[in-house]
Amino acid sequence: MQFYLNGAEATLTDFAKDDLARAVVNSLFSWARAEDDDERPTESKMGWWADSFSEEGDKFGSRLWLLMRSTLTTETLALAEEYAQEALQWMVEDRIAEEVTARAEVDGVDRLNLLIEIIRPDQKTLTARFVDVWSKL
């Protein structure tokens, strides 16, 4: 997977230098527990064990992993956007961000890219682009 942070090619080390950027990577690429009605590529619902003990019902990670064996259709893109938006929504709820936008795009025949834009409370913007997300799911 290739990473871009605020328009420049980046590495995971670059994301680690910024708390918000690191939170984006952790939120998107950690596997959230599947819902009961989700189609799963495996028998397991996966997920982070500590979500079972959250008194507020918080969930960590994203359900992007559910798409790992999907073909790239408009429905898959819509689900990728939904899952990414869902995984990052906690930032708005916890007032770390004013707004979070997730967009999925097809790149070539079999590559899914994610474009993330976060507007911080001070109105500064963080943009992150993840190219070929499939390669890391």
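Preceding this section is the structure that the text describes.
Residues numbered from 1 in each chain as written. Predicted model: local features only at pLDDT ≥ 70, side-chain atom pairs only at ≥ 80, totals over all residues. Heavy atoms only, no water.

1. Digging into helix α2 (residues 19-29)
Among all positions of α2, only Leu20, Ala21, Ala23, Val24, Val25, Ser27 and Leu28 are buried. Sitting at the amino-terminal end of α2 is aspartate 18, which places a side-chain oxygen 2.8 Å from the backbone nitrogen of leucine 20. (Buried < 20%, exposed > 50% of the residue type's maximum accessible area, 1.4 Å probe, protein only. Helix = DSSP H or I, 4+ residues; strand = E, 2+ residues; numbered from the N terminus. Polar contact = N/O pair within 3.5 Å; in protein donor to acceptor, adjacent residues only side chain to side chain.)

2. What about the pattern of salt bridges?
Inspection of the entire model under this criterion finds 8 salt bridges. Between glutamate 82 and arginine 63 there is a salt bridge, with its nearest N and O atoms 3.9 Å apart. Of this pair, glutamate 82 sits in helix α3 (residues 74-93) while arginine 63 sits in the loop between α2 and α3, and the two are 19 residues apart along the sequence. With relative accessibility at 43%, the residue glutamate 82 sits in the partly exposed group. Judged by relative accessible area, arginine 63 falls into the buried class, the value being 6%. Its salt-bridge partner being aspartate 107, residue arginine 111 comes within 3.4 Å of it at the nearest N-O pair. Residue classification places aspartate 107 among the partly exposed positions, given a relative accessible area of 28%. Taken together, the shared-partner salt bridges connect Arg63, Glu82 and Glu86 into one network. (Salt bridge = Lys/Arg side-chain N within 4 Å of Asp/Glu carboxyl O.)

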